[in-house]
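A closer look at the structure
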Amino acid sequence: MAIDDSSSTTTRLLTLLNVSATKAGKRKRTFIEETRPTEKLNKKRAVQITAPEESPEHTSKEPEDVMDEGVQPQTEQEEGAPGGEAEDELGTEVDPYEAHFGLHPAVLTEGAREAVDRRAWTQQRGKMGRLGGVVESVPEGAEASSSGTSKHKVLEKLKGPLEARQTKLPREIVELQNNLLDSLSSYRDLYVTRTTPDTQASTREALTLHALNHITKKRRRVLKNNERISHAVKAGNPPPEDVQDQGFTRPSVLILLPFRSFALRWISALTAHTPTPEYQIENNSRFQSEYGLPPGAVDKLASAEPGMYPRDHVEMFKGNVDDSFRLGVKMTRKSVKLFAEFYGCDLIIASPLGLRMSIEKEKSADFLSSIEVLIVDQMNALTMQNWDHVQFVLSHLNQLPKESHDVDFSRIKPWYLDGHSSYLRQTILLSAYETPETRALYNHSLKNVAGRVRTERRWSPVDVPEGIDQQFIQFDCSTPRDEPEKRFQYFATQLLPGVLKSAVQSANTVVFVPSSFDFIRVHNHFRKHVGVSFAVLSEYSSNQDISRARQAFFSGKKAFLLVSERFHFFRRYKIRGIRNIVFYGPPDHSQFYTEYLSYPFLDDGVDASDITSRILFSKYDWLRLERIAGTEGAADLIKRGS
């Protein structure tokens, strides 16, 4: 939930400070106690940056223990930041990270915040290299950023491994990666609405480099300020005042993914930028064991003959498809530590379900209070899971924490204390196609005052066997709120009765329902009011239920087969015995449409003229409809019915 009420923010912050002061008073630790080496504990620990005194005990700590206790300048130098020594990122030229996440970002004006809250954006269309056509938006009254066309500024040592690999990649892939990095360097939000299996790996490489670059620059700023404080203390001078360089908690990057197999791929992309022997990957064996397949397991999708399963299905479901996981990743100068504790890590990789379970168990989401870069991958898959989990996680981002976690408030950036961090968070969304849910998230949940970029494309009609009788049937609907009821009434009173009256269409008919809520309603309608035999295939069907339903439908014992889109997404079974198809709404995935129109030809002696297809749609189905009928065809269909 956004923090709009400044007085409420101030009250909550003062409460947090009072609680922190009370706890600090109860502890009253001496300097010797604070510097004594402590045993590692797998629980929430404090992050406290203070002006230290010299002590030989500081250098006796192991690097991996540093952030579990507190951050001290000497131990920070031991732990370091990814990429080695601080090179030239603090030179005379203003760095994009410093410009966007510095003490006083120029884009974080009251007018920009008010425009974002009113959802008042100024838009312009353009082209961004291999990303194609884009819609660029800035808050009303703000100037459009030109940094999207500038060269990305990645630290030299970090981009070396990528540049070495790019010499062996096709020119189009190299240009795509560079275009992504150029856009991301402006710290505007980015919504890529069309990812393909061919570009996903290269996209992950670019995004993980951007995330690593962000983490490194943040850590180096902390190290630099630690050094300044230390020098001031040694010289007997008061500490510098401009050392606000962090948030409430350490994690600054969050990546949301649907399955463990994707976490494996993202970590592989991340560690490709931190090669051995310069870096050590800690706990990698455990990670490969928990996020890969069990020993001896055979991945039927990965080992299948090419063409046996659709490629997008193989890429989505090969490997470990557990959807409940969370992983902390801590970056140091010479290591990448996996399974780091949340309050001591830099990067969190998790599924929405896994993160929600953690938040509800701990009754706290404080570790999400200082997220500065959010990446949501495979959004099309997340919509097929429980979309409420995604919304739950996003609602807990960038909120004032419930506890102080022993943070040094003198080091917190002022816009964190003002409750404005959500206006600077960069969000990166990746999806194979757009849905109303993903577009709504982009429109309503992204508040970056630097602006946002959304890719767009024109779709061509899908290929369908010539001769099939296709009918696109539009029903009238004036508001999105009435759409589910209007759709059901039209289906139950006009479309379905017409199908039942036909001797040909009242048998061997599949009813394909995209929405799970609509599927339940249609199922209940068939069960209570339609006097025909039917079988059901949903995402909750067991293997035995699926086998019985497919056999009964193919043999003609069941005249109708109700299929949910989620069932087809997760199982991708080929259905035999189909002659007629009724789409309760256009499928989200346009390939599902072509697949179901091809299934009748699995049977011998079937001609295209024997097959009928009915697609029920409204003007609010635009995103789905244009992927099937093409952008121009969808426009003509909607115009014809208006």
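Structure's up top.
Keep in mind it's a predicted model, so treat the numbers as computed, not measured.

Attention shifts here to helix α8 (residues 171-184). Over its 14 residues, α8 runs 20 Å from end to end, which matches the ideal 20 Å to within 8%, given 1.5 Å per residue. Those residues of α8 lying buried are Ile173, Val174, Leu176, Gln177, Asn179, Leu180, Leu181, Asp182, Ser183 and Leu184.

On to the environment of cysteine 345, then. Along the polypeptide, cysteine 345 turns up in the loop between β7 (335-338) and β8 (347-350). By relative accessible area, which is 0% here, cysteine 345 ends up buried. Linking cysteine 345 and threonine 249, residues 96 residues apart in sequence, is a C-alpha distance of 9.3 Å. With residues up to four places along the chain from it excluded, the contact list for cysteine 345 reads Arg250, Pro251, Gly328, Val329, Lys330 and Ala340.

This part is about the packing of aromatic side chains. The final tally for this structure, using the stated rule, is 25 aromatic pairs. The rings of Tyr97, Phe101, Tyr187, Phe248, Trp415 and Tyr416 are connected pair by pair, giving a single aromatic cluster. One Lys or Arg, arginine 265, reaches over the ring of phenylalanine 262 and ends 4.2 Å from the middle of that ring. Over the aromatic face of tyrosine 442 sits the side chain of arginine 452, whose NZ or CZ is 4.5 Å from the ring centroid.

A few words on the pattern of salt bridges. Think of it this way: side chains of opposite charge can pair up when their charged atoms draw near. This model, assessed by the stated rule, comprises 32 salt bridges. Close ionic contact of glutamate 175 with arginine 130 constitutes a salt bridge, the shortest N to O distance being 2.7 Å. Of the two residues, glutamate 175 is situated in helix α8 and arginine 130 in the loop between β1 (121-127) and β2 (133-139); the sequence distance between them amounts to 45 residues. By relative accessible area, glutamate 175 is classed as partly exposed at 27%. Look at arginine 130 and you get partly exposed, because its relative accessible area is 39%. One continuous salt-bridge network, built from bridges that share partners, spans Glu483, Arg487, Asp588, Asp621 and Arg624.

Conventions used here
Residues numbered from 1 in each chain as written. Predicted model: local features only at pLDDT ≥ 70, side-chain atom pairs only at ≥ 80, totals over all residues. Heavy atoms only, no water. Helix = DSSP H or I, 4+ residues; strand = E, 2+ residues; numbered from the N terminus. Expected span 1.5 Å × (residues − 1). Buried < 20%, exposed > 50% of the residue type's maximum accessible area, 1.4 Å probe, protein only. Contact = heavy atoms within 4.5 Å. Phe/Tyr/Trp six-rings, centres within 6.5 Å; stacked < 30°, edge-to-face > 60°. Lys NZ or Arg CZ within 6 Å of the ring centre and 35° of its normal. Salt bridge = Lys/Arg side-chain N within 4 Å of Asp/Glu carboxyl O.

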